[in-house]
2 protein chains.
Amino acid sequence: MNLDLVRELAVSTDSRIILLVLDGLGGLPMDPFGRTELEAANTPNLDSLAARSDLGLSRPVAAGVSPGSGPGHLALFGYDPLEYEVGRGVLSALGIGFELSENDLAARINFATKDEAGRISDRRAGRIANEEASKLVDLLKENVKLDDAEVFVTHEKEHRAVAVFRAEGLSDALSDSDPQRTGLKPLPVEPTTGAGGAAKKSADLANTFIKEADEILADHHPANTVLLRGFGMHPALPSFDEIYKLRAAAIAGYPMYKGLARLAGMEVLKEGEGIAGEFETLKENWDAFDFFFVHVKPTDAAGEDGDFKRKAAVIEEADALIPEILDLGPAALAVTGDHATPAKMESHSWHGVPFLLFSEYTLPTSERFGERTCAGGSLGVFPAKEIMGLLMGHTLKLNRYGA
Amino acid sequence: MNLDLVRELAVSTDSRIILLVLDGLGGLPMDPFGRTELEAANTPNLDSLAARSDLGLSRPVAAGVSPGSGPGHLALFGYDPLEYEVGRGVLSALGIGFELSENDLAARINFATKDEAGRISDRRAGRIANEEASKLVDLLKENVKLDDAEVFVTHEKEHRAVAVFRAEGLSDALSDSDPQRTGLKPLPVEPTTGAGGAAKKSADLANTFIKEADEILADHHPANTVLLRGFGMHPALPSFDEIYKLRAAAIAGYPMYKGLARLAGMEVLKEGEGIAGEFETLKENWDAFDFFFVHVKPTDAAGEDGDFKRKAAVIEEADALIPEILDLGPAALAVTGDHATPAKMESHSWHGVPFLLFSEYTLPTSERFGERTCAGGSLGVFPAKEIMGLLMGHTLKLNRYGA
């Protein structure tokens, strides 16, 4: 989406938009002549909605490129995922519910094993157990002291943790300390863009952190060192309010998606239990916002597990609740995913994502919601970053361009 | 395709890709209610493949723009044909099998007729016969001597030949000497970008070449002068190995396509006779490479001749050999063209080119391979420069983008 264009044309109105994201919705037939998860699911409500909707297949990033959750959601929110990047450290911080502020520098920590010669012998410290890692994180929290910055260390899972450095004038233009292979010494963290002051200061902080951690962990073999990688800062995304003039709210069960929504300036609402709980929250807050991002996770989880039937069942569960959403009277409702997670592949993929847009102003092409009806829909195959423009247009929130 | 993105994500794997290009494959019905060449052809193997493939219509350059063979192939190889240009001189040099090195400056030569006042009276010297032109080329070869450069002159066809200047520090930022109309004097070759040293030196070389050729040809009316145009140098294309981490091989019967493949860093294999011979070469080299560009020319030639039936027959010939290709077990096989050459138009055209991608991870939409089934396919209408991204994705040779 051309954000400057939208910013110029956007007007605030009373009508409401719902963007319902079934994570990893896109699928594939398990064998060439079969149906996809969405096609196989029994979805009378989505089908009846499709018969009144525009359909298309959205592409999150680029041909053949499988997106992570970060780029997938940035595209849905209208940000070009190749222009706006969210570092791994930032996503990890968001994933554990850490509320990053604009000056924070985040990095992933791996507990690792160093041999007597100082070479990395295991990049994951034997995938140490959660309980043990959690104790080591507490040790670091108590004992690492940096002169010029605050540092927050939080355990993620097994050998993984997150470090957030807080100070004025930091930069994420930094190389990793992780040498990527065993048998090599860890690398010093270095500025990747010249010898700029901010990157130099940040590299010094990171290297001091590693040095102190090494001393603290010395007797804790196999987790006797840490590797830092994926340095990232809060990306300066223009907010939903500023671009779209929308009071936007997010309803999501997992920290990472709440964090991504917060990056875009959305207010994160307290969700209820499961899909039905999320929809309850939507109803309760209907009057207070004019844009709702509702995130449903279990479609993706089932796809990642290779569980075709469970993914179809989650879709059916969402389908059953569609009438409740329609009862609210949204001016536009989009149902889509942030990427495909075909059960056949047990992973995110590059395939087109089914997209349905219901409003008063649609050109319906099919009475079924599925990958193949979407491919032949009135929107064709199109970039996901255009979705917000479509939603704004269908709710009459964009002025005419030119006379 | 965003080459920086692909370069960042590409990983080398064992699986193999075949890009089968039926030159000028795209067609049109001869009358509005008829079938295209591909639709009319009896193609049981391609149809059965379509039933297990992603389909789409690829657009080589831009809406309404008919591509030459250069841009058509650059797009297939993933290079944006509007960003990477291959000069006519370079294509001519490639077309005659001249192995351009990186310092070479190539230009097209037209033998032409100059009157006593020095004005061009025939820009093609009466389209002199091959034999005669060939003798004049020999005269130029023997007698033109440049102080600061080697020059290679090679006959192409009738009044057309190619000059290649070899020296350090040349530039192709040069205007043509061809005045484009009769009754005008030839133009001096001039630098088109300021008075830069390289362009000035190159213009001087070209003008000296023309002056010497004029003296040598003075008594050879009607071919008593030469016009130079289409100056071009070896375009600095990033190689397949560098971008895609692919060991790429090309199998093509015509010098121009071999040359285009060489520009992309492919190894050109010695092909056998006809389509069957090319496929033999493919089989013989299957273990040594992981990407194969196979070029079939006669589809285009038949289209250029306006011979609908012959074009369909060539497609049928290729179809019959498809099972042999599948027996090799490629992880991905794409069948497409570099542009359309509808028999109805007897020329290259801007129309969409049927595209089929077979892999384990497809969303089939039709049991027929044809322009109209492709238009409704899961890939929709898409830029040809995205094809390499799709092939890389379908063979799991691209890492995930973002976390």
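These figures come from a predicted structure and were not determined experimentally.

A.B. asks: Got a minute to help me understand the overall build of chain A in this structure?
C.D. replies: For chain A, the helix and strand inventory stands at 14 helices and 13 strands. A compact globule built from 403 residues would reach a C-alpha radius of gyration of about 22 Å, and chain A, at 23 Å, matches this within 12%. The C-alpha extent of chain A, read off along each of the three principal axes, is 65 × 50 × 40 Å. By residue count, 56% of the 403 residues in chain A fall in the buried class. Across chain A, the fraction of contacts at a sequence separation of at least 24, relative to all contacts at a separation of at least 6, is 76%.

A.B. asks: I tried to follow the environment of B:Gly56 on my own but got confused; where do I start?
C.D. replies: Residues and elements named next belong to chain B. On the secondary structure map, Gly56 appears in strand β2 (residues 53-59). Once the C-alpha coordinates of Gly56 and Gly370 are considered, the two residues, 314 residues apart in sequence, prove to be 9.7 Å apart. In contact with Gly56, other than residues within four places in its own chain, are Val353, Pro354, Phe355, Cys374, Leu379, Gly380 and Phe382.

A.B. asks: Whenever I open this one, the sheet that holds strand β9 (residues 267-268) of chain A confuses me. Can you help?
C.D. replies: Backbone hydrogen bonds are what pair the strands of a sheet, in a parallel or an antiparallel way. All names here are of chain A. Ordered by their spatial adjacency, eight strands build an open sheet running β9-β8-β10-β1-β11-β12-β2-β13, and the pairing between neighbours is mixed. Of all the strands in the sheet, the pair left with one neighbour each is β9 and β13 (380-383). Relative to β13, strand β2 (residues 53-59) is paired through four bridges, and the arrangement is parallel. In the sheet register, Ser58 faces β13, and the bridge partner there is Phe382. Across the face of the sheet, helix α12 (residues 308-327) comes into contact with β1 (17-22), β10 (291-296), β11 (332-336) and β12 (353-359) while running at roughly 170 degrees to β1. Sheet strands in contact with helix α14 (residues 387-394) are β1, β2, β10, β11, β12 and β13, and its direction is about 15 degrees off that of β12.

A.B. asks: For this particular structure, what's the right way to read the pattern of salt bridges?
C.D. replies: Once the charged atoms of two side chains with opposite charge are near each other, the side chains can pair. The full count for this structure, using the stated rule, is 42 salt bridges over all chains. Here B:Asp214 ties to B:Lys114 by a salt bridge, and the two come within 2.6 Å at their closest N and O atoms. In this pair, B:Asp214 sits in helix α7 (residues 197-217) while B:Lys114 sits in strand β3 (residues 104-114), placing the two residues 100 residues apart along the sequence. Take B:Asp214: its relative accessible area is 18%, and that puts it in the buried class. The class of B:Lys114 is partly exposed, set by a relative accessible area of 23%. A salt bridge links B:Asp115 to B:Arg119, with the nearest nitrogen and oxygen atoms 3.9 Å apart. Exposure remark for B:Asp115: the relative accessible area of 31% places this residue in the partly exposed category. For B:Arg119, a relative accessible area of 38% translates into the label partly exposed. Counted as one network, the salt bridges with shared partners bring together A:Asp4, A:Arg7 and A:Glu242.

About the thresholds
Within each chain, residues carry numbers counting from 1 in the order of the written sequence. All chains are assigned letters beginning at A, and all ligands numbers beginning at 1, according to the order in which they are written. Note on the predicted model: pLDDT of at least 70 is required for a residue's local features to be given, and 80 or more for side-chain atom pairs to be given and counted; whole-chain, interface and lining totals, by contrast, use all residues. As a convention, hydrogens and water are excluded, and side-chain values are obtained from all of the structure's heavy atoms. Each helix is a run of DSSP H or I of at least 4 residues and each strand a run of E of at least 2, with the numbering of both proceeding from the N terminus. Radius of gyration: C-alpha atoms only; globule rule: 2.2 Å multiplied by the number of residues to the exponent 0.38. Three labels apply to residues, based on accessible area from a 1.4 Å probe with only protein chains included: buried if under 20% of the type maximum, exposed if over 50%, partly exposed otherwise in between. Contacts were defined at the residue level, with two residues in contact if any of their heavy atoms lie within 4.5 Å. By the convention used here, strands pair only if DSSP detects at least 2 bridges between them. Orientation is described by axes fitted as lines to C-alpha atoms, over the contacting stretch for helices, and by angles from 0 to 180 degrees between their N-to-C directions. One side-chain nitrogen of Lys or Arg within 4 Å of one carboxyl oxygen of Asp or Glu is enough to make a salt bridge.

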